[in-house]
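Fold and geometry: a report
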Amino acid sequence: MTTMTDTSNAARFREFKMPDVGEGLTEAEILKWYVQPGDTVTDGQVVCEVETAKAAVELPIPFDGVVHELRFPEGTTVDVGQVIIAVDVAPGSGDAAPAAEPAPAAQPEPEPEAPKGRQPVLVGYGVAESSTKRRARKGTAASVPAAAAAIQGEMNGHGAVVPESRPLAKPPVRKLAKDLGIDLATVVPTGEGGIITREDVHAAAKPVPAQAPAPIAAAPVAAEAAPEAPAPAVVTTVGARETRIPVKGVRKAIAQAMVGSAFTAPHVTEFVTVDVTRTMKLVAELKEDKDMAGVRVNPLLIIAKALLVAIKRNPEVNAAWDEANQEIVQKHYVNLGIAAATPRGLIVPNIKDAHEQTLPRLAASLGELVSTAREGKTSPAAMAGGTVTITNVGVFGVDTGTPILNPGESAILAVGAIKLQPWVHKGKVKPRQVTTLALSFDHRLVDGELGSKVLADVAAILEQPKRLITWA
């Protein structure tokens, strides 16, 4: 009879797992839930927004039904493949709670033995044998007796099969517990989904031997009330002199990529200062051109086109290093990356096949890329496959910099601020619009001569924009 019940529940309750939303990503943070238990959902409806190491992405659910359970609260980092939401696809056909609940509840024997096999785990939630064992738990603690554990099993639908040896806590909270000498397994959680908060750790650090058992009975109540105000800690403040911010999402990806690039590809950076007065005049003229109506025209547009022409004249620079096969892979296309500062951190979306685009189309692509990035809607696909990148540090008033290569790319061009400066023009010192360019390249596949030619060509075009026609 138990087998029939389990089969019925399996057919009635469908689980939606965290998908791989981009090129081998292994985890994502749940930023926001758009649904709650009891809400009706339809196939294709967006149920939550998650942040991967590359971008924020909205996840649609692939079936109809009524939300039965959200497995993780907002702010939780979830591994790809873990169940994040359970949906009742046959509402009204019986009790809302899964019929499989009594079966686990009838197996209380393993509960008292769990503390004997308790093992320390790494930062995060540890490794579980299945996604159902890593779902959000409400009000669990290592010191909860068997009776309380049975109640907890009824709340989360798994009973005694959830091991007690894996307390839920965010990395900053784990560090705080370590600094205070607190074993998280002895801390009573009050956060949503059974997550241990900083307040729980501080409370455990205080000597309250006579009142220690009391929070055990109160823990489920606290867990019930928590959904009304889910506020996962994002920033941890130590006293009034330091602030600790968890490294995750885009910031974590940036750190890993920059360290990997800096210590893998031997960087060489060259500089050139150039008079861009004629380029600025061209920008002003293009803004009045009816063929450019509806698109944004700025110096970055001409610089991007200049780089594309320079690559066409020096195609060997558009390449990648294949370490596994010990090969240089020359690209016969240019996916032009544009470094963009967003509230979530630096991202580098790219314009696919930028070398084939006309100036008006390139202007439109740049506008779309920037607006999408600012809205936080850049997809992982838009950031994949770049070949060369432009970073415009001049918008911050900076003269230049030594940019680090985007991993897998051969070169990155930094554009400094365009300023009115004294310049020798036609034998006389005159005020001219001047900027400094910096080109970093991977010295494994780009030697000094090739890198210098590319940078010199970009500078020459910006000094005499008519070369966009004669050289193209």
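The model shown is predicted, which means the values in this text are computed figures rather than measured ones. (Residues numbered from 1 in each chain as written. Predicted model: local features only at pLDDT ≥ 70, side-chain atom pairs only at ≥ 80, totals over all residues. Heavy atoms only, no water.)

Things to note about the packing of aromatic side chains
Centre distance and the angle of the planes are the two values used to describe a pair of aromatic rings. The tally for this structure, following the rule as stated, stands at zero aromatic pairs. Against the face of W471 rests R313, its NZ or CZ located 3.8 Å from the ring centre. (Phe/Tyr/Trp six-rings, centres within 6.5 Å; stacked < 30°, edge-to-face > 60°. Lys NZ or Arg CZ within 6 Å of the ring centre and 35° of its normal.)

Some words on the pairing of strand 14 (residues 319-322)
The side chains of a regular strand alternate between the sheet's two faces. Pairing analysis gives four bridges linking strand 14 to strand 15 (residues 327-330), with the strands arranged antiparallel. Along strand 15, the bridge assignment pairs W321 with I328. (Pairing = 2+ DSSP bridges. Helix = DSSP H or I, 4+ residues; strand = E, 2+ residues; numbered from the N terminus.)

A look at the pairing of strand 6 (residues 65-70)
As paired elements, strand 3 (residues 40-41) and strand 6 share two bridges and run antiparallel to each other. When the sheet's bridge partners are listed, V41 is paired in strand 6 with G65. In this structure, strand 6 lies alongside strand 8 (residues 83-88), joined through four bridges in antiparallel fashion. The residue of strand 8 that forms the bridge with V67 is V87.

Quick look at the sheet that holds strand 3
The strand order across the open sheet formed by four strands is 1-8-6-3, and the pairing between neighbours is antiparallel. Each edge of the open sheet carries a strand with a single partner, namely strand 1 (13-17) and strand 3.

Remarks on the sheet that holds strand 7 (residues 77-79)
Pairing is antiparallel in the open sheet, where four strands are placed in the order 5-4-2-7. Both outer strands of the open sheet, strand 5 (56-60) and strand 7, are each paired with one neighbouring strand and no more. Averaged over all pairs of adjacent strands, the angle between their axes in this sheet comes to 40°, without regard to strand direction. When strand 4 (residues 46-51) meets strand 5, the two strands line up antiparallel, connected through five bridges. Paired with E51 across the two strands is A56, which belongs to strand 5. (Axes fitted to C-alpha atoms, helices over the stretch in contact; angles between N-to-C directions.)

Section: a positive patch on the surface
A cluster of like positive charges, contributed by K281, K426, K428 and K430, occupies part of the molecular surface. Take K428: it is sitting in strand 23 (residues 428-442). (Patch = residues over 30% accessible without salt bridge, like charges linked within 9 Å, V, L, I, M, F, W, Y side chains within 5 Å. Areas by Shrake-Rupley, 256 points an atom, 1.4 Å probe, with all protein chains shown as cover. Salt bridge = Lys/Arg side-chain N within 4 Å of Asp/Glu carboxyl O. Lys, Arg positive; Asp, Glu negative; His and termini not counted. Charge placed at Lys NZ, Arg CZ, Asp CG, Glu CD.)

A look at the pattern of salt bridges
A side chain with one charge may pair with a side chain of the opposite charge, provided their charged atoms come close. Per the counting criterion, the structure on display carries eleven salt bridges. Notably, a salt bridge pairs E58 with K377, separated by 3.6 Å at the nearest N-O pair. You can see E58 sitting in strand 5 and its partner K377 sitting in the loop between helix 11 (359-374) and strand 20 (388-392), a full 319 residues away along the chain. Taking the relative accessible area as the measure of exposure, K377 reaches 43% and is therefore partly exposed. A salt bridge links D442 to R444, with the shortest nitrogen-to-oxygen separation between them at 2.8 Å. For R444, a relative accessible area of 27% translates into the label partly exposed. (Buried < 20%, exposed > 50% of the residue type's maximum accessible area, 1.4 Å probe, protein only.)

Focus on helix 6 (residues 198-205)
Of the positions making up helix 6, those classed as buried are R198, D200 and V201. Down the axis of helix 6, the sector holding all buried residues measures 160°, keeping them to one side. (Arc of directions from axis to C-beta.)

Overview of the nonpolar core
By size, the foremost hydrophobic cluster in this structure holds 47 residues, and its most contacted members are L307, L336, I390, L413 and L437. Contributions of two or more residues to this core are made by helix 9 (277-287), helix 10 (299-313), strand 16 (336-338), helix 11, strand 20, strand 21 (411-415), strand 23 and helix 12 (448-463). It is helix 10 that provides the largest number of residues to this core, a total of eleven residues. Within the second largest apolar cluster, 21 residues are counted, among which are F16, V50, I85 and V87. (Core = buried A, V, L, I, M, F, W, Y, C linked by side-chain atoms within 4.5 Å.)

Some details on the environment of A177
Within the secondary structure, A177 sits in helix 5 (residues 171-180). For A177, a relative accessible area of 1% corresponds to the buried category. Along the chain, A177 and A204 lie 27 residues apart, while their C-alpha atoms are 9.3 Å from each other. In contact with A177, not counting residues within four places along its chain, are I182, L184 and V201. (Contact = heavy atoms within 4.5 Å.)

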